[in-house]
Amino acid sequence: MRLTTKGRYAVTAMLDLAIHHGRGPTALADIAQRQGISLSYLEQLFSRLRKESLVASVRGPGGGYNLARNASEIHVAEVISAVDENVDTTRCGGAHNCQNESPCLTHDLWQELSARIYEYLNRISLQDLVDRQNVQDIAKRQDLQGPEVRIDGFGAGGLSAGAQI
């Protein structure tokens, strides 16, 4: 599966935004601190999320981001797609040219798996995740802990300095 840090971080940041919804705009710096994600990386992700109308920005003092729709209307698959990720498990990226320009022996198996993963992620909304008790417990702990210490500037994900999205 080709779900990279970009997709994982986008979902994590959107979930953080959903958890803190109703408290005014959320600053990316606050998400960066709570989730241990580089602020510059979040800025790049949120640029894409804004273009896909998943978030709305609020300028000025006290500004930040809000969800553009209700958390119950934003699904995980949509967030992943917004940052140009896919959940393709085939070797050929769905092009049917895995082996000598033809499908490989297991092409259909991996293509069906990809479809099921997408269907699963498309059934889970941000609100579904917010409503999970373990998510609430972790969010409370993060809010109490304050900023995460980042040795490499990229948080727990450990992106290299040359990481691009």
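Calculation notes
Each chain carries its own residue numbering, running from 1 in the written order of its sequence. Reporting of local features is limited, given that this is a predicted model, to residues whose pLDDT is at least 70; pairs of side-chain atoms are given and counted only at 80 or more, and all residues count toward the totals for whole chains, interfaces and linings. Excluded from the side-chain calculation are hydrogens and water; included are all heavy atoms of the structure. All axes here are fitted lines through C-alpha atoms, helices being fitted over the stretch that makes contact, and every angle between N-to-C directions spans 0 to 180 degrees. Secondary structure elements are taken from DSSP: a helix is a run of H or I of four residues or more, a strand is a run of E of two residues or more, and numbering for both begins at the N terminus. Should an angle fall under 35 degrees it is taken as roughly parallel, and over 145 as roughly antiparallel, whereas 65 to 115 is taken as roughly perpendicular and any remaining angle as oblique. Each crossing gets its hand from how the near helix is turned against the far one by less than a right angle, where anticlockwise is left-handed and clockwise is right-handed. Note on contacts: a residue pair is in contact if any heavy atoms of the two residues lie within 4.5 Å. Residues are grouped as follows: nonpolar covers Ala, Val, Leu, Ile, Met, Phe, Trp, Tyr, Cys and Pro; charged covers Asp, Glu, Lys and Arg; every other residue, Gly included, is treated as polar. Partly exposed residues are those whose accessible area sits between 20% and 50% of the maximum for their type, while under 20% is buried and over 50% is exposed, using a 1.4 Å probe and protein chains only. Any Phe, Tyr or Trp ring, taking Trp's six-membered ring, that has another such ring centre within 6.5 Å forms a pair; planes under 30 degrees apart are called stacked, those over 60 apart edge-to-face, and the others tilted. We define a nonpolar core as any set of buried Ala, Val, Leu, Ile, Met, Phe, Trp, Tyr and Cys residues linked to one another through side-chain atoms lying within 4.5 Å. Values of pLDDT, ranging from 0 to 100, describe the predictor's confidence in every residue of the model. Within this analysis, patches are made of residues with over 30% relative accessible area and no salt bridge. Like charges are joined at 9 Å or less; nonpolar side chains (Val, Leu, Ile, Met, Phe, Trp, Tyr) at 5 Å or less. In short, Shrake-Rupley with a 1.4 Å probe defines the accessible areas, and a residue's cover is counted only from the protein chains shown. Basic side-chain nitrogens of Lys or Arg form a salt bridge, by our definition, when they fall within 4 Å of a carboxyl oxygen of Asp or Glu.

(A) Structural view of the packing of helix α2 (residues 28-35) against helix α3 (residues 39-51). Between α2 and α3, whose axes approach to 9 Å, the crossing angle comes to 120°. Compared by their axis directions, α2 and α3 come out oblique. Remark: the crossing between α2 and α3 carries right-handed chirality. Together, L28, A29, I31 and A32 of α2 and L39, L42, E43 and F46 of α3 make up the contact between the two elements. Taken together, the residues of the contact of α2 with α3 break down into seven nonpolar, no polar and one charged.

(B) The arrangement of the side chain of S114 in detail. Along the chain, S114 turns up in helix α5 (residues 107-123). Judged by relative accessible area, which is 9%, S114 ranks as buried. The contact partners of S114, leaving out residues within four places of it in the chain, are V87, D88, T89 and T90.

(C) A look at the packing of aromatic side chains. Under the defined criterion, the tally for this structure stands at two aromatic pairs. Ring centres of F46 and Y65 lie 4.9 Å apart, and the angle between their planes is 55°; on these two criteria the pair is classed as tilted. Residue F46 is located in helix α3, and its partner Y65 is located in strand β2 (residues 64-67); the two are separated by 19 residues in the primary sequence. Y65 matches F46 in its accessibility class, with the two residues each being buried.

(D) Representation of the nonpolar core in the model. Residues M14, L17, L42, F46, L49, L67 and V79 are the most contacted members of the largest nonpolar core, which totals 40 residues. When residues of this core are traced back to their parent elements, those giving at least two are α1 (5-19), α2, α3, β2, α4 (76-82), α5, α6 (126-130) and α7 (133-145).

(E) Broad picture of the environment of E112. One can find E112 in helix α5. C-alpha of E112 to C-alpha of D88: the two residues are 24 residues apart in sequence and 9.6 Å apart in space.

(F) Geometry of the confidence of the model for the protein chain. With 86% of its residues at a pLDDT of 70 or more, the protein chain shows a mean pLDDT of 85. Element-level pLDDT for the protein chain is lowest in α7, with a mean of 90, against a maximum mean of 97 in α6. Here residues 149-165 scores under 50 on pLDDT; set against residues more than four positions off or in separate chains, the count is 32 contacts.

(G) Summary view of a nonpolar patch on the surface. Among the surface-exposed residues, L109, W110 and L113 lie close enough to one another that they form a single nonpolar patch of about 260 Å² accessible area. Inspection of the secondary structure puts W110 in helix α5. Given a relative accessible area of 34%, W110 falls into the partly exposed group.

(H) Expanded view of the packing of α1 against α3. Between α1 and α3, the least distance of the axes is 10 Å, while the angle of their chain directions is 80°. On the basis of the axis angle, α1 is roughly perpendicular to α3. Residues T5, K6, Y9, A10, A13, M14 and L17 of α1 lie in contact with α3, whose contacting residues are Y41, L42, L45, F46, R48 and L49. Looking at the contact of α1 with α3, its residues break down into 10 nonpolar, one polar and two charged.

(I) View of the pattern of salt bridges. All chains considered together, the criterion is met by four salt bridges. In this structure, R23 engages D143 in a salt bridge whose closest nitrogen and oxygen atoms are separated by 3.9 Å. In this pair, R23 sits in the loop between α1 and α2 while D143 sits in helix α7, placing the two residues 120 residues apart along the sequence. R23 gets classed as exposed once you look at its relative accessible area, which sits at 57%. Judged by its relative accessible area of 36%, D143 is partly exposed. Within this structure, D16, R23, R34 and D143 form a network of salt bridges that share partners.

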